Amino acid sequence: MGFSTDAIHGGQSPEERSGAVITPIYQTSTYKQDGIGQHRGYEYARTANPTREALERNIAILEGGKHGVAYSSGMAATDTILKLFRPGDEVIVTHNVYGGTYRLFEMVLRDFGLVFKHVDTTDLKEVRSAFTSSTRLVFLESPTNPVLQVSDIAAICEIAHENNAVVCVDNTFMTPYFQKPLSLGADIVVHSTTKYLNGHSDMVGGMVIVNDDQIAERLRYLQNCVGAVPGPFDCWLALRGTKTLAVRMKQHEENSRRIAAFLREQPGLEKIYYPGYDDHPQHDLARRQATGFGSIIALDVGSLGRADKVLRSVRLFTLAESLGGVESLISHPASMTHGSVPKSEKDKLGVTDGLVRLSVGIEDVEDLEADLKQALA
Ligand code: PLP
C-alpha cells in the first residue's frame, strides 16, 4: 500500500458492533469480565485500550515497524526507552538533542547510574571513538533542534551494531513521511506525536516503534507498569491527525522551501539553518537518507534585542513552544526549548541569544512571507 493509504487505513477497520468507520474513542477505565479470568482481551485501560491500540498499529505501519507502543508524551516515551538499560550502561547522545531530552538524561537519569556521552554525531570518527565495552545505546536526533544538523543514520547503525549497541532515532522532525530510520538500520524509533503526527497542536503524546519482539515486550511491560499512557481521546486525535500526514507534510515542505529562499534574500541575517540549502554542511546526506527537508528553519538575527523585536512584531507566526502544527510558530530556542541547557553548551551548538526558530505551517505562503518581511524590517 502507498503511504497515504496506510495513513488512512493502517491498523484500523470499521468497528464490529455498529460499523462505525472511524475508530471510536473507548473512554473507559475498565472492562466487564464474564467470570474469573474470563475477559475479552481487555481488563483495565492502563494495560490496553482499543483506541490506543489502533494508533499504535497505525504509526508502526507508517514507520515500517512491527510494534508501536504509545506513551503520554514524547518525553515519557524516551524515559521508557532508557529504562531498558541498567546502571553503568553508557549512552552516546547527539550533542544537540532537544533540550528536554538533555534535561531528562543529565538532571534525572544520570542519578540512576546511566552514563551519557554527548557527541557530535555528524562526525563518524567522533562517534566511533566514543564507544567503550559499556556502550549499549546510541540516541540520535536527526535533524537536530534547532540548528538542523544531520547525522548519517545508516553509518552510525553499522558502527553501533559492530559494538553490540542498539540505535534509537528521534524521528519527530522528519516523520515517517520523509525518513524511515528502521529501514536505515535503527532498532528503535521514538516520536513526540504532539508534533507533525498529530499536526493540529491539540494533544501531547509519544510513540516508540520497534521490530524486535523482546524489546517490544519489555516496552509494553513498562508501559503498563509505569503507566505513562495517553488517554483515549488524545489517541483518537493523533489517529485523526495521521490520516492527513502526507498532504500536510507536502505542504509544509513546499512552504518551507519558499520561506528559506525568501530568507536568503533578506539583509542583516547572520546565519540561516535549513538542510535544503545546497551549502548546508550535510545537504547531500539529508537528500540521501530522507525524501524531504522538513519545515523547521532557524535564523540568527544577531542579538537578543533584535530577536525580541522580531518575536514581538510577527502577526501571523505565533510566539509559542512546540512545532509541527498546521499553524506557523516562532520561538526563541535559547530561552525556550533549550532553557535548561547550560550557556557554555548552547554557545558550542550555535544556540545564540539571536537565534529564532520557525515552524513553518501550511497557511498561504505569501501571507507567511509578508509577515516575516514586516517583522524583520
Ligand atoms: N523530541 C523532540 C525532537 C522534540 O522537539 C520534543 C518536544 O518538543 C520532544 C522530543 C518531547 O516531546 P513531548 O513534548 O511530546 O514530551
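Preceding block: the structure.
Now for a quick tour of the structure. (Residues numbered from 1 in each chain as written. Predicted model: local features only at pLDDT ≥ 70, side-chain atom pairs only at ≥ 80, totals over all residues. Heavy atoms only, no water.)

Each helix and strand counted, the chain has 14 helices and 12 strands in total. The C-alpha atoms of the chain give a radius of gyration of 21 Å, which matches the 21 Å a tight globule of 377 residues would have. With the C-alpha coordinates of the chain rotated into their principal frame, the extents come out at 75 × 50 × 35 Å. Partitioning the contacts of the chain with sequence separation of at least 6, the portion at a separation of at least 24 is 73%. When the accessible area of the chain is evaluated, it comes to approximately 16,200 Å², of which 51% is carbon and sulfur surface. Of the charged side chains in the chain, 38 are positive and 47 negative, and the gap between their average positions amounts to 2 Å. (Helix = DSSP H or I, 4+ residues; strand = E, 2+ residues; numbered from the N terminus. Rg over C-alpha atoms; globule rule 2.2 N^0.38 Å. Contact = heavy atoms within 4.5 Å. Areas by Shrake-Rupley, 256 points an atom, 1.4 Å probe, with all protein chains shown as cover. Lys, Arg positive; Asp, Glu negative; His and termini not counted. Charge placed at Lys NZ, Arg CZ, Asp CG, Glu CD.)

Reading across from one edge, β1-β7-β6-β5-β4-β2-β3 is the order of the 7 strands in this open sheet, with mixed pairing throughout. Of all the strands in the sheet, just β1 (67-71) and β3 (115-119) have a single pairing partner and so form its edges. Ignoring strand direction, the axes of neighbouring strands in this sheet form an average angle of 20°. Where strand β2 (residues 90-94) and strand β4 (residues 135-141) come together, 4 bridges link them in parallel fashion. Note that in β4 the partner of V93 across the bridge is F139. Here helix α4 (residues 99-108) sits on the sheet in contact with β2, β3 and β4, set at roughly 140° to β3. (Pairing = 2+ DSSP bridges. Axes fitted to C-alpha atoms, helices over the stretch in contact; angles between N-to-C directions.)

What follows deals with the sheet that holds strand β10 (residues 318-319). The mixed open sheet is built from 5 strands, whose spatial order is β8-β9-β12-β11-β10. Of all strands in the sheet, those with a lone pairing partner are β8 (271-273) and β10, marking the two edges.

Right, let's get into the nonpolar core. Ranked by internal contacts, the top residues of the largest apolar core, which has 33 residues, are L55, I209 and L245. For this core, the secondary structure elements donating two or more residues are α1 (3-9), α2 (50-62), β7 (206-210), α9 (232-243), α10 (245-264) and β9 (296-300). Top element by residues in this core is α2. It accounts for 5 residues. The two domains that each donate at least three residues to this core are domain 1 (3-242) and domain 2 (246-376). In this structure, L55 is in contact with M207, C235, A238 and L239, ignoring residues within four places of it in sequence. (Core = buried A, V, L, I, M, F, W, Y, C linked by side-chain atoms within 4.5 Å. Buried < 20%, exposed > 50% of the residue type's maximum accessible area, 1.4 Å probe, protein only. Domains from an automatic or database assignment.)

What follows concerns helix α6 (residues 153-162). An α-helical turn contains 3.6 residues, so any two residues separated by three or four positions project in the same direction. Buried within α6 we find I153, A155, I156, C157, I159 and A160. For α6, the elements touching its buried residues are α5 (124-130), β4, β5 (166-170) and α11 (283-289). Directly beyond the C-terminal end of α6, a positive phi value near 60° is found at N164.

Any functional reading would require information that these geometric values do not contain.
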